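# Structural characterization, general
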Amino acid sequence: MVAGSKLPGMCQAMKVPSDPFGVHMAKTSKKRSVENNQGMIVKQVRGFGGLDNIHITLGILIVILIALLVTSAYYKPVSIPTQQNSTATNGTVTNTTNYNESQIGALAKSFLAGYVQTNSSLSLLPFYTNVSAMSVSYMPSVKEWYVQIPTYLPSTGAEYHVYELIRDSNATLASMSIQLASPIGTYDSVAAQGVVAIGGKTSCLVKSPMHIYWFMDPYAPGSVKSLENISSLETKYGNAVNISIESVFGSSYQHIANQVGDLNAQYLGKYMMCAANQKNFSRFADSLNSIYGGDYISQNTLQSISEPAGLNLTELDSCVNRSSGVTGAQALLATYYNITAVPTVVVNCNYLAIPQTASNAICYANSTICKEQQK
């Protein structure tokens, strides 16, 4: 066989395809792939490194949050007082105040003047103070101003002081006090709450019923009102106590006596003392309290409330008429117990109390009485 005789047939058998590298097949495969996924739409992303809108928004929010945290960590509020008054030691500020000494001094004078409006002897206080000698100092530990104002008693000329504490925060008065006279040397001592044991005095010789002296200036503030306390004690302890009203004619009485005369002024004390000896005293006390206004009460008025109260008028009139000599003895008794303020109560001859604490003194003097009353 001639080598060249077979070449044409071989060439037909080994016919080279028109797409030897499979390019056509790849295109066909790709075309079919696209045709099989016609539901998928892919958009080309332009810019921002391939991030979509949601990721971009989240990134911006994170940046804002970080900025807020950094700002709050370094931010410090600044307090700016309306006025400052600073003192320094070796260049270091020790305190800062909202007000200065001049302003506090003016406030202290204003607070002091408020006493003029009080219905008591304290209304005279502003007229006896020496504000030109006022002392003002600041206390950083409590943030208050301490003001000291000298004053004096016109009767003796002795000097005392008024003290004020004023808040630096809002210029209001924290407290005010008045220096009291030093106590006089005495043998008395506080025995219990509301009870003072009188030095050098002994218990009453008569043990039962327990005797109680009720010292009062008939026209002194609180005296007529204290009759209610007497009624309450008599109801509470019954026959275990014997309360007697002892009239002390002091400055309040003298003020009325100067207007109507001694005899007329004494009737109020006499009627109270004599009515206390009768069983319907509490009704008389209630009636007297209802009409008493702190001024003079005539004998006719006292007589007019005695009969409706259920008092025995014959016994009452007899007691009032013979009581003139009794008042002198009451004055001596008040001197013996050194009674300087009224109303004051002396229980069992050696314990001092005020009307509101008389029950305390009774129980202290004889605890058995209180135990029996509680049964």
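Structure: see above.
What comes next concerns the included structure. (Residues numbered from 1 in each chain as written. Predicted model: local features only at pLDDT ≥ 70, side-chain atom pairs only at ≥ 80, totals over all residues. Heavy atoms only, no water.)

With that out of the way, let us pick up the state of the cysteines. Joining two cysteines, a disulfide is a covalent bond between their sulfur atoms. This structure, assessed with the given rule, holds 3 disulfides. A disulfide bridge connects C204 with C349, and the sulfur atoms are separated by 1.7 Å. Its S-S torsion of about 95° marks the bond between C204 and C349 as right-handed, since a negative value means left-handed. Of this pair, C204 sits in the loop between β8 (195–197) and β9 (210–216) while C349 is found in the loop between β11 (344–347) and β12 (351–353), placing the two residues 145 residues apart along the sequence. By the burial criterion, C204 is buried, and C349 matches it. (Disulfide = S-S within 2.5 Å. Helix = DSSP H or I, 4+ residues; strand = E, 2+ residues; numbered from the N terminus. Buried < 20%, exposed > 50% of the residue type's maximum accessible area, 1.4 Å probe, protein only.)

Another point: the packing of aromatic side chains. On inspection of all chains with the given rule, the structure shows 8 aromatic pairs. Geometrically, the ring pair formed by Y213 and F215 is tilted, given 6.2 Å between the ring centres and 45° between the ring planes. For Y213, a relative accessible area of 16% gives the class buried. Of the residues examined, F215 reaches a relative accessible area of 0% and is grouped as buried. Feature note: the residues Y213, F215, Y336 and Y337 constitute an aromatic cluster, connected by ring pairs. Over the aromatic face of Y336 sits the side chain of K201, whose NZ or CZ is 4.6 Å from the ring centroid. Sitting over the ring of Y267, K270 keeps its end group 5.9 Å from the ring centre. (Phe/Tyr/Trp six-rings, centres within 6.5 Å; stacked < 30°, edge-to-face > 60°. Lys NZ or Arg CZ within 6 Å of the ring centre and 35° of its normal.)

As a further point, take helix α12 (residues 358–365). Given 3.6 residues per helical turn, the α-helix brings residues three or four places apart onto the same face. Those residues of α12 that fall on the buried side of the exposure criterion are A358, S359, A361 and I362. On an axial view of α12, the arc spanned by its buried residues comes to 160°, and they lie on one face. (Arc of directions from axis to C-beta.)

This part takes up the sheet that holds strand β6 (residues 173–178). Spatial strand order, β3-β4-β5-β6: 4 strands in an open sheet with antiparallel pairing. Strands with a single pairing partner mark the edges of an open sheet, and in this sheet they are β3 (135–139) and β6. Adjacent strand axes in the sheet meet at a mean angle of 20° when their direction is disregarded. As paired elements, β3 and strand β4 (residues 144–152) share 5 bridges and run antiparallel to each other. (Pairing = 2+ DSSP bridges. Axes fitted to C-alpha atoms, helices over the stretch in contact; angles between N-to-C directions.)

Function cannot be read off these values alone, since they describe shape.
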